[in-house]
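Given next are the chains, with one letter for each unit.
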2 protein chains.
Amino acid sequence: MSPKPSSSGVNRRALLSALAVLPVFGSFLPMSARAQTAASGGALPSWNNGATKQGILNFVAAVTQEGSPNYVPPAERIATFDNDGTLWVEHPMYTQLAFALDRVKALAPLHPEWKNTQPFKAALEGDMKTLAEAGEHGMAELVMATHAGMATEEFQKIVIDWFATARHPRFKRPYTELSYQPMIELLAYLRANGFKTFIVSGGGIEFMRPWTERVYGVPPEQVVGSSIKTQFQMRDGRPELFRLPELNFIDDKAGKPVGINEFIGRRPIAAFGNSDGDIEMLQWTTMSGGVRLGLIVHHTDAEREYAYDRDTPFGRLDKGLDAAAMNKWVVADMKNDWNRIFVFE
Amino acid sequence: MSPKPSSSGVNRRALLSALAVLPVFGSFLPMSARAQTAASGGALPSWNNGATKQGILNFVAAVTQEGSPNYVPPAERIATFDNDGTLWVEHPMYTQLAFALDRVKALAPLHPEWKNTQPFKAALEGDMKTLAEAGEHGMAELVMATHAGMATEEFQKIVIDWFATARHPRFKRPYTELSYQPMIELLAYLRANGFKTFIVSGGGIEFMRPWTERVYGVPPEQVVGSSIKTQFQMRDGRPELFRLPELNFIDDKAGKPVGINEFIGRRPIAAFGNSDGDIEMLQWTTMSGGVRLGLIVHHTDAEREYAYDRDTPFGRLDKGLDAAAMNKWVVADMKNDWNRIFVFE
């Protein structure tokens, strides 16, 4: 049921027409010096040679080739990455949900009513089935109860403190070590080729910003995510932003292009995701003329990570698999395309 | 009634304590190589020598001096600039209002009812008094009628086309030429010293992004502004973002720190404004410990530009003058501190 990785997610017609105007020597593809270095084995060492890796290299070569009709100036080389399941592990549950559940437990003594109120009861009892059934509304309730009611700087400290001690239940490591080595290499490779890399995640923007620079090399101002409202106020003569229990923006599905437009103000030329929540971002990126790259990470490795797609509560890839085939997005098959999964390996 | 430019907007105590740990030779202030070049006459040529210019140079010297307790790493050197009245002219009316009035005239044939409906009637008749009385609600109505109802890319084209032909009523030049040369130099000087410069304006984010890179060297992804909602949709098999007649975010007054936190995710160490709408941004920036710079552009030159502060419909500086004195923000007196006003001079 996994579609074979397409030979290339780039717009093949545009690429071929570009090649048509250049002298062709066998399968020679014009490349910038940097992309050539990469293709010769320097970049993306955790990616196995094959159609997937070549699709990435071809795309970068095409848009960085000065004088080519597919050339994109550095200022317009915007690449957007989903986070959960694309840059790091999202199973057995989103990291931010693990954080919220721990916060519910920590705050429970102040809220005796939670013992008998859903979704808090399920959170306290670790009843994942009921939690999953509570759906988006239940998640929102958990987030409001655990992510609001303090200043932004206090919340940042809570997040940092949590990451310092929390461990993934299977890998027994800090969550920030569970990022994918091939994707870290891809981020660096794109930046080395003049791209500006952004995270565009359904996760909370203030949950990610404290560590994205250290883990991904992506600074806070290049992180787009979901948010709750904040309010400016003076407290004891000091200005602060107070976090309100009110949704501001959901950066998922059709919200991703909206967030990209609002925060970045340029249309990406490359986008990377792993679930149905990323379809609209990849459509917005790739269906715009010119050579573009859409890539879907397909979780196919139960042994080294997890295997899931059409039937999972977190990171479902159902319509996205069909959309990938239809739009010629590159599908990265974790098991076959990645010779190394984690940064810590 | 104009307060004398304060000798420095930096936290004087922090600066003095920094100097205390260094050998002092007369009035020698430790400076980075770049700041030294600047102080020696290279940078900020349109700023007259004096307390205002020195306040800027001292601040940059303090935060770029490696090893100093006031040192700020480049990644954290965030500077935010208001636009209207701070980087370019805002009289006799905000440029975006001139745009909206022209759009009302262009769209009037499709809306015969506007002849008898406020604020459209006033807009069509150029009745500025009635328009001013219509207040924020009236402005919002004008914006919804003229800025929504099309795809983002169509709106971008409308903006670009308008700027190509619109002329300022007094200076008879394209609005984008009415930016302030001293502020352009300041933007460049800060960037040369490792700062990342952002625009944080009450103006529409999509009204600014088409030209900020060319005019200010500030790319679209470093522009924060007010916005209306957009909706992702597929039209004729192509994805687009459709602009809805619904307010999304007002990036003014207490909204400015909120916007800064949401879009940038870091607290600025320098902020530049000219009106009461900038007070909260400067509070958020300067009242946070460490050496910080807040600067207010005071319009004092009726001959070369305009003179206004406490009593004007656009860019009112009333409480802001008092806040500047109280918080030791630098006040740039256009008439006395700038030897050149416009880029075109």
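Just so we're clear, the structure is a prediction, and the values are computed from it rather than from any experiment. (Residues numbered from 1 in each chain as written. Chains lettered and ligands numbered in written order. Predicted model: local features only at pLDDT ≥ 70, side-chain atom pairs only at ≥ 80, totals over all residues. Heavy atoms only, no water.)

## Considering the overall build of chain A
Phase 1 of the analysis: Within chain A one finds 14 helices and eight strands.
Phase 2 of the analysis: Per-residue burial over chain A gives 58% buried out of 345 residues.
Phase 3 of the analysis: Here the analysis covers contacts within chain A between residues at least 6 apart in sequence; of these, 68% occur between residues at least 24 apart. (Helix = DSSP H or I, 4+ residues; strand = E, 2+ residues; numbered from the N terminus. Buried < 20%, exposed > 50% of the residue type's maximum accessible area, 1.4 Å probe, protein only. Contact = heavy atoms within 4.5 Å.)

## Digging into the packing of helix α11 (residues 255-263) of chain A against helix α12 (residues 279-286) of chain A
Residues and elements named next belong to chain A.
Phase 1 of the analysis: The geometry of α11 relative to α12 is characterised by a closest axis approach of 7 Å and an angle of 55° between their N-to-C directions. Between α11 and α12, the angle falls in the class oblique. Here K256, P257 and I260 of α11 come into contact with α12, specifically with E280, M281 and W284.
Phase 2 of the analysis: Considering only residue class, the contact of α11 with α12 consists of four nonpolar, no polar and two charged. (Axes fitted to C-alpha atoms, helices over the stretch in contact; angles between N-to-C directions. Parallel < 35°, antiparallel > 145°, perpendicular 65-115°, else oblique. Nonpolar A, V, L, I, M, F, W, Y, C, P; charged D, E, K, R; others polar.)

## Some details on the sheet that holds strand β7 (residues 330-333) of chain B
Residue and element names in this part refer to chain B.
Phase 1 of the analysis: With respect to topology, seven strands assemble into an open sheet ordered β4-β3-β2-β1-β5-β6-β7, the strand pairing being mixed. One side of each edge strand has no neighbouring strand; the edge strands of this open sheet are β4 (238-249) and β7. Adjacent strand axes in the sheet meet at a mean angle of 30°, parallel and antiparallel pairs treated alike.
Phase 2 of the analysis: Note that strand β6 (residues 293-298) and β7 share four bridges and pair parallel. Pairing of I296 across the sheet is with V331, part of β7.
Phase 3 of the analysis: This element, helix α12 (residues 279-286), spans β1 (78-81), β2 (196-204), β5 (270-273) and β6 of the sheet and lies at about 165° to β5. (Pairing = 2+ DSSP bridges.)

## Concerning the pattern of salt bridges
Phase 1 of the analysis: What the rule picks out here adds up to 34 salt bridges over all chains.
Phase 2 of the analysis: Between R267 of chain A and E153 of chain B there is a salt bridge, with its nearest N and O atoms 2.7 Å apart. Taken together, the residues span two chains, with R267 of chain A in the loop between α11 and β5 (270-273) and E153 of chain B in helix α7 (residues 152-165).
Phase 3 of the analysis: Through salt bridges with shared partners, a single ionic network connects K196 and R266 of chain A together with E213 and E221 of chain B. (Salt bridge = Lys/Arg side-chain N within 4 Å of Asp/Glu carboxyl O.)

## Overview of the side chain of H147 of chain B
All names here are of chain B.
Phase 1 of the analysis: Take H147: it is sitting in helix α6 (residues 128-147).
Phase 2 of the analysis: Judged by its relative accessible area of 2%, H147 falls in the buried class.
Phase 3 of the analysis: Among the polar contacts listed, one links the side chain of H147 to the side chain of T146, at a separation of 2.8 Å. (Polar contact = N/O pair within 3.5 Å; in protein donor to acceptor, adjacent residues only side chain to side chain.)

## Some words on the interface of chain B and chain A
Phase 1 of the analysis: Contacts between chain B and chain A engage 37 residues on the former and 37 residues on the latter.
Phase 2 of the analysis: For the pair chain B and chain A, the summed buried surface comes to about 3200 Å²; carbon and sulfur atoms form 51% of the total.
Phase 3 of the analysis: Between the two partners, chain B and chain A, sit eight salt bridges.
Phase 4 of the analysis: R266 of chain A is paired through a salt bridge with E221 of chain B; the nearest N and O atoms lie 3.1 Å apart.
Phase 5 of the analysis: Applying the counting criterion to the chain B and chain A interface returns 22 residue pairs in polar contact (both at pLDDT 80 or more). (Buried area = accessible area lost by both parts, 1.4 Å probe.)

## So, the packing of helix α4 (residues 95-107) of chain B against α7 of chain B
Residue and element names in this part refer to chain B.
Phase 1 of the analysis: It is at 11 Å that the axes of α4 and α7 come closest, and there the two elements cross at 100°. Taken as axis vectors, α4 and α7 run roughly perpendicular relative to one another. Residues T95, A98, F99, D102 and R103 of α4 pack against F155, I158, V159, W162 and F163 of α7.
Phase 2 of the analysis: For the contact of α4 with α7, a count of residues per class yields seven nonpolar, one polar and two charged.

## Considerations on the confidence of the model for chain A
All names here are of chain A.
Phase 1 of the analysis: On average, residues of chain A score 90 in pLDDT, and 88% of them reach the 70 mark or higher.
Phase 2 of the analysis: Every residue in residues 1-40 scores below 50 in pLDDT, and together they form 73 contacts with partners more than four places removed in sequence or on other chains.
Phase 3 of the analysis: Under the prediction, the complex receives an ipTM of 0.88, its pTM being 0.89. (pLDDT = per-residue confidence, 0-100.)

## A look at the relation of the copies chain B and chain A
Phase 1 of the analysis: Here chain B sits on chain A after a turn of 180° about the axis and a move of 0.0 Å along it, with an RMSD of 0.0 Å. Such a combination of rotation and displacement between the chain copies is what one expects of a two-fold axis. Ranked by how close their C-alpha atoms come to the rotation axis, the residues of chain B are headed by F263 of chain B, at 3.1 Å.
Phase 2 of the analysis: Same-surface contact between copies: 100% of interface residues of chain B are shared with the interface of chain A. (Least-squares fit on C-alpha atoms with pLDDT ≥ 70 in both.)

## Re the pairing of strand β2 (residues 196-204) of chain A
Residues and elements named next belong to chain A.
Phase 1 of the analysis: With respect to burial, β2 is a largely interior element, seven of its nine residues being buried.
Phase 2 of the analysis: Bridge count for strand β1 (residues 78-81) against β2 is four bridges, and the pairing is parallel. Looking at β2, one finds that T80 is bridged to F198.
Phase 3 of the analysis: Relative to strand β3 (residues 223-235), β2 is paired through three bridges, and the arrangement is parallel. Its bridge partner lying in β3, I199 is registered against V223.

## As for the packing of aromatic side chains
Phase 1 of the analysis: Counting across every chain of the model gives 45 aromatic pairs over all chains.
Phase 2 of the analysis: An angle of 85° between the planes, with centres 6.3 Å apart, marks the rings of F171 of chain A and Y306 of chain A as edge-to-face. One end of the pair, F171 of chain A, is in the loop between α7 (152-165) and α8 (181-192); the other, Y306 of chain A, is in the loop between β6 (293-300) and β7 (307-308), with 135 residues separating them in the sequence. Y306 of chain A shares its class with F171 of chain A; the two are buried.
Phase 3 of the analysis: Among the aromatic residues, those joined into a ring-pair cluster are W88, F99, F155, W162, F163, Y175, F207, W211 and Y216 of chain A.
Phase 4 of the analysis: Just above the ring of W284 of chain A sits the side chain of R267 of chain A; from NZ or CZ to the centre is 3.7 Å.
Phase 5 of the analysis: Here R173 of chain B stacks its cationic end above the ring of F344 of chain B, 4.1 Å away from the centre of that ring. (Phe/Tyr/Trp six-rings, centres within 6.5 Å; stacked < 30°, edge-to-face > 60°. Lys NZ or Arg CZ within 6 Å of the ring centre and 35° of its normal.)

## Focus: unusual backbone geometry
Phase 1 of the analysis: A cis geometry characterises the amide bond from H91 of chain A onward to P92 of chain A, with omega recorded as 5°.
Phase 2 of the analysis: With respect to the element layout, P92 of chain A can be found in the loop between β1 and α4 (95-107).
Phase 3 of the analysis: Following Q118 of chain B, the chain continues to P119 of chain B via a peptide bond in cis, the omega torsion being 5°.
Phase 4 of the analysis: One non-glycine residue, K172 of chain A, adopts positive backbone phi at about 55°.
Phase 5 of the analysis: Structurally, K172 of chain A can be placed in the loop between α7 and α8.
Phase 6 of the analysis: For K172 of chain A, a relative accessible area of 61% translates into the label exposed.
Phase 7 of the analysis: Of note in the backbone geometry, D236 of chain A takes a positive phi value of approximately 55° without being a glycine.

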